[in-house]
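What follows is the residue order along each chain.
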Amino acid sequence: MSTLDSIDAILFSLSRAFTSPFAVFVQIQGCTICLLLALGWLLAEYVRNREVKRIKNSIKAGNSLAFLYQDINELEHSRQVKLPRVSVVMPLKGFGEHNLHNWRSQITSLYGGPLEFLFVVESTEDPAYHAVSRLLSMYQDHVEAKVVVAGLSTTCSQKIHNQLIGVEKMHKDTKYVLFLDDDVRLHPGTIGALTTEMEKNPEIFIQTGYPLDLPSGTLGSYCIYEYHMPCSMGFATGGRTFFLWGGCMMMHADDFRQDRYGVVSGLRDGGYSDDMTLASLAGAHKRLITSPPVAVFPHPLASDLSFGRYWNYLRKQTFVLESYISKVNWIMNKALFAVHCYLSWGFVAPYVMAIIHITSALRIYIKGYHQLEDTTSASGMMLVITLAICTFIELLSMWNLTRREVQLCNMLSPEAPRLSLATYNWGLVFVAMLVDNFLYPISAFRSHFSQSINWSGIRYHLKDGKIFKIERRKDMGPTKTDLGGKHLYGKKGAPQKASFLSSLGRNLAHWRQPKKFDV
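- Under the annotation held in an unreviewed UniProt entry, the chain carries the name ceramide glucosyltransferase and is attributed to Arabidopsis thaliana.
- In its Sequence similarities (unreviewed entry) section, UniProt records this for the chain: "Belongs to the glycosyltransferase 2 family."
- Within the UniProt record for the chain, the comment given under Subcellular location (unreviewed entry) is "Membrane".

Given below as structure tokens:
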């Protein structure tokens, strides 16, 4: 028997095996996952579209500033002077191609009340320090803003440390504090919209939003986009949600002054993830998290976002599930870990089977008719066609939600360059779906067994769900952030570049001895 005949025999055997009851169940399960995702995105699109229609109707009714306020009377001076003071705290790390644009969108907010901006850096050696200082000098007569040097964190992640230092430095009359990532591109009316909701409902603990990723064209950027899209439906509720994104969080300033619900101590004492920690506290104390329909923000990804940087980002995201603040939180994280891993590989498995069915069918067609193999092939191809239809529906729903969010962002920022779907490559989106779901369980298990992670050149070690050890070694850290491609060091502080093979070798070594290496 020739090699080709042996391969054919294996193909036919696999194809027959993949038409067994269990294999059919797996493939139907994959189709079900596709349809459930499509349904979730359809409901999210409905919420975003409702906001688009509201803005259009307001404009038709004569409110040309509907992107700022639903009621144009809110712009009257007598109402604007009564608006509460808001402090915007932005922890910075590095400087990249989109930072200036993002920072300008933040400090040029059209919020009518007292507003201050605190840009918090680790040290003056951070490239962000000089860049943001120059920007603020251009707006010093128009904006209340300052740069705060936080120093090094010792008990929590550097981001959380910067946030808490920013809270300490905020104005004594501040009523609401808004935490923003420095890669968030705000709309002119965002701060006003968030504040209005907080004023309407004092029971709100946190208001949040979510990014709309703008892929740069690389596979890594599409993997990021695909990773975020399933989560986006949890933020497009138009109200109550259980999800929280650390890139945009508005909270009561007094919650921090008085350490209500343990927000300060929970973050400061071993906190790794700001959003997961605060979401856990909200759940434990039955506090309300909301996400207004206008809280969706353009998030341009770095033009040089490599697949390696996507992997680093995925590692950090799965590592979040290893941190917790209570037993209940630990149980929830492990349940999420198990469900996500199961669904991820449950999503990918039908496509692997589909490749076998298609290849087998092609070989049967080339070789000629065989009764048993032809019957098996027909059954397999029916499953393939069903999966293809479900995949098309899923991608169509994803496209529809993205289209609506692009439209909403354009309406909320009429002065900004127009966003477009024309640059999206939906073939790469499909590939990214398979790649991301295949790699997620691998990353999750890697995080579980390592209990340490390198985040922007700092290695954090966890014990009992909290940070207990922090290592800083520039020579073995990355030189750029994952999503924004921001340079982490100036020329003096930049680590020497290492080859891909040496980097891979360190990673393998760290896998075996996580306490002895810092990659």
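Looking at the nonpolar core
(1) Moving on: Ranked by size, the top nonpolar core spans 55 residues in total, and within it Leu 212, Tyr 310, Phe 347, Met 398, Val 429 and Tyr 440 carry the most contacts.
(2) Moving on: When residues in this core are grouped by element, the largest group, 11 residues, is from helix H14 (residues 371-412).
(3) Moving on: Discounting chain neighbours no more than four positions away, the residues touching Val 429 are Tyr 222, Tyr 225, Glu 226, Leu 395 and Met 398.
(4) Moving on: The next biggest cluster of nonpolar side chains, apart from the first, holds 38 residues, and it includes Met 90, Leu 92, Leu 135 and Leu 186.

Let's talk about the environment of Ala 128
(1) Moving on: Relative to the assigned elements, Ala 128 resides in helix H5 (residues 127-138).
(2) Moving on: When its relative accessible area of 0% is taken as the criterion, Ala 128 is described as buried.
(3) Moving on: Here the alpha-carbon distance between Ala 128 and Asp 182, two residues 54 residues apart in the chain, equals 9.9 Å.

Examining helix H15 (residues 426-450)
(1) Moving on: Between its first and last C-alpha atoms H15 spans 35 Å; for 25 residues at 1.5 Å apiece the expected length is 36 Å, and the two agree.
(2) Moving on: The sharpest bend along H15 comes to roughly 30°, located at Tyr 440, with the proline Pro 441 sitting one to four residues further on.
(3) Moving on: Its side-chain oxygen at 3.0 Å from the backbone nitrogen of Gly 427, Asn 425 defines the N-terminal cap of H15.
(4) Moving on: The first or second residue beyond H15 is Gln 451, which carries a positive phi of 60°.

Thresholds, definitions, all that
Residues numbered from 1 in each chain as written. Predicted model: local features only at pLDDT ≥ 70, side-chain atom pairs only at ≥ 80, totals over all residues. Heavy atoms only, no water. UniProt positions renumbered as here; feature names shortened; annotations may be inferred. Core = buried A, V, L, I, M, F, W, Y, C linked by side-chain atoms within 4.5 Å. Buried < 20%, exposed > 50% of the residue type's maximum accessible area, 1.4 Å probe, protein only. Helix = DSSP H or I, 4+ residues; strand = E, 2+ residues; numbered from the N terminus. Contact = heavy atoms within 4.5 Å. Expected span 1.5 Å × (residues − 1). Bend = angle between axes of the 7 residues up to and from the residue. Polar contact = N/O pair within 3.5 Å; in protein donor to acceptor, adjacent residues only side chain to side chain.

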